[in-house]
Amino acid sequence: MLTVLQKHYQIQNRVRVTALFLLALILAITLTPLAPTTAYPVTSAEKQAEADELMRQIDALQTEINDVTKRLEDATAAQNNALALMEDAKQREEAAAERTSELQRQLGDRVVEAYRNGSVSYLEVIFGAKSFTDFLISWDMINRLNAYDAQLTSESKEMRLEAEAAHQLYAEQERIAAEKRSEIEELKAELEQKSASMAAELERMNEEIAELIAKEEAEAEAARLAAAAAAAAESNGWLEPEVIVGMGGFVHPCPGAMISSSFGWRSFDNAFHKGIDLAAPTGTPILATQGGTVIISGYGGGAGNWVVIAHGNGIVTMYMHASAIYVSVGESVYAGEVIAAVGSTGNSTGPHLHFQIEINGSAVDPYPFIY
């Protein structure tokens, strides 16, 4: 038959655990995604598929940019080639003019000048000759000068015309090449801008995927907690643990558990065991043995997930290897309150509770306090 104190603990425990159950349900409802109001994906998998498709588009766009870059290089080479040919044509034109001047100087100052000024006529040659031989020589010189000058003039004219035509042709080619190069540059700039925009969109998608994954994990955890709470309630499990007070006046931290390792020296590892190990299935409730204040709550290396409670008068209790912790540092707890669940975290070979009592910093055998 339960004592008044035990009934009081049970009622308080029911209230607390019921509150935890309702909190888990509220959390599950809160994190449940609302029906999507847009056509956008609402799961990380769907968003990832969309991101993969965008990545494919970016890759295709980059291939196009590579092609345009090659076309730009070809257009630049064509423009540079046309400019080089224009320079060559200009040099040929200048060379033709220089050659014309040089050949004209070779005709002789007197005869060329006379021929060009029209001061020498055939009559002057005929009547100025002192002999028939002198006449023939003069006559032949005039004919040669006329023919050479005509040839020189024709050659110079042809070279100039050819150089000018080449210059005009290559100038037109340079203009076309420059226009094409400018057009390709604009296309490349447009593609690069589009690629940068898509890359920014992909980065935004990756951030959204990370958020969706975190949300889904939170939803899964909330669902797990709600399912565990519902299962426990249905099986009348940890929601109403039996509070057993030992001969030492301490509530048993894990009612129904078996002692798997006692306090003191152990032969198998030649180490001093500062508490007792209470073997129980994972998830079995762990109770605070006395009222007090939580001073440690979290992961403690070899202790795994653990809770430490200060009870005053130098008494401290420790609860190690938990699978879950239900209290926070600074929280006040009462004797028999569910503070954690049995697990196998830290240095542990199986699910159990390592329960330890220290008085003024020294570990004592917990057995007399709880049995």
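Bear in mind that the values here come from a model prediction, so they are computed numbers and not experimental data. (Residues numbered from 1 in each chain as written. Predicted model: local features only at pLDDT ≥ 70, side-chain atom pairs only at ≥ 80, totals over all residues. Heavy atoms only, no water.)

### Focus: the packing of aromatic side chains
What describes a pair of aromatic rings is the distance from one ring centre to the other and the angle between the planes of the rings.
No. 1: By the definition in use, this model includes five aromatic pairs.
No. 2: Residues Phe250 and Phe369 carry aromatic rings whose centres are separated by 5.1 Å and whose planes lie at 75° to one another, so their mutual orientation is edge-to-face. Highlighted residues: Phe250 in the loop between helix H5 (132-234) and strand S1 (258-261) and Phe369 in helix H6 (residues 367-370), separated in sequence by 119 residues.
No. 3: For the ring pair Phe263 and Phe272, a centre distance of 5.2 Å and an interplane angle of 85° mean the geometry is edge-to-face. (Phe/Tyr/Trp six-rings, centres within 6.5 Å; stacked < 30°, edge-to-face > 60°. Helix = DSSP H or I, 4+ residues; strand = E, 2+ residues; numbered from the N terminus.)

### Focus: the nonpolar core
No. 1: If you look at the biggest cluster of nonpolar residues, it comprises 22 residues, and the most contacted ones within it are Ile286, Ile309, Tyr319, Ile339, Leu353 and Phe355.
No. 2: Every element with two or more residues in this core is listed here: strand S4 (276-279), strand S7 (305-312), strand S8 (315-322), strand S11 (338-341) and strand S12 (352-359).
No. 3: Among residues more than four places away in sequence, those in contact with Ile286 are Pro253, Tyr319, Ala322, Glu337, Val338, Ile339, Ala340, Ala341, Val342 and Leu353.
No. 4: Ala51, Leu61, Met198 and Ile209 belong to the second largest nonpolar core, which has 14 residues in total. (Core = buried A, V, L, I, M, F, W, Y, C linked by side-chain atoms within 4.5 Å. Buried < 20%, exposed > 50% of the residue type's maximum accessible area, 1.4 Å probe, protein only. Contact = heavy atoms within 4.5 Å.)

### So, the sheet that holds strand S5 (residues 285-287)
No. 1: The three strands lie next to each other as S5-S11-S9, forming an open sheet whose pairing is antiparallel. Edge positions in the open sheet fall to S5 and strand S9 (324-325), since each of these has one partner strand only.
No. 2: Bridge count between S9 and S11: two bridges; the pairing is antiparallel. Residue pairing for S11: Ala324 is matched across the bridge by Ala341. (Pairing = 2+ DSSP bridges.)

### As for the pairing of S12
No. 1: For S12, the buried fraction is high: seven of the eight residues fall into the buried class.
No. 2: In terms of strand pairing, S4 meets S12 through four bridges, oriented antiparallel. Note on S12: the bridge partner recorded for Ala279 is His352.
No. 3: Here S8 runs beside S12; their pairing, made up of six bridges, is antiparallel. In the sheet register, Thr317 faces S12, and the bridge partner there is Ile357.
No. 4: Taken together, the three bridges between S12 and strand S13 (residues 362-364) define a ladder with antiparallel strand orientation.

### Digging into the pairing of S11
No. 1: For S5 and S11, the ladder comprises three bridges, and the chain directions are antiparallel. Its bridge partner lying in S11, Leu287 is registered against Val338.

### Concerning the side chain of Thr317
No. 1: Among the structural elements, Thr317 can be located in strand S8.
No. 2: A distance of 2.8 Å separates a polar atom in the side chain of Thr317 from a polar atom in the side chain of Tyr319.
No. 3: Beyond its immediate chain neighbours, meaning those up to four positions away, Thr317 contacts Phe250, Thr289, Val307, Val308, Ile309, His311, Phe355, Gln356 and Ile357. (Polar contact = N/O pair within 3.5 Å; in protein donor to acceptor, adjacent residues only side chain to side chain.)

### Description of a negative patch on the surface
No. 1: Side chains of Glu87, Asp88, Glu94 and Glu98 sit close together on the surface and give a patch of like negative charge.
No. 2: Along the chain, Glu87 falls in helix H2 (residues 44-105). (Patch = residues over 30% accessible without salt bridge, like charges linked within 9 Å, V, L, I, M, F, W, Y side chains within 5 Å. Areas by Shrake-Rupley, 256 points an atom, 1.4 Å probe, with all protein chains shown as cover. Salt bridge = Lys/Arg side-chain N within 4 Å of Asp/Glu carboxyl O. Lys, Arg positive; Asp, Glu negative; His and termini not counted. Charge placed at Lys NZ, Arg CZ, Asp CG, Glu CD.)

### Considerations on the pattern of salt bridges
No. 1: A complete count under the given rule lists ten salt bridges for this structure.
No. 2: A salt bridge links Glu50 to Lys47; the shortest N-O distance between them is 3.6 Å. Placement of the pair is Glu50 and Lys47 together in helix H2, with a separation of three residues, close to one helical turn.
No. 3: A salt bridge links Glu172 to Arg175; its shortest N-O distance comes to 2.4 Å. One end of the pair is Glu172 and the other is Arg175, both in helix H5 and three residues apart, which spans about a single turn.
No. 4: Taking the relative accessible area as the measure of exposure, Arg175 reaches 35% and is therefore partly exposed.
No. 5: What emerges from the salt-bridge pattern is a single network uniting Lys47, Glu50, Glu201, Arg204 and Glu208.

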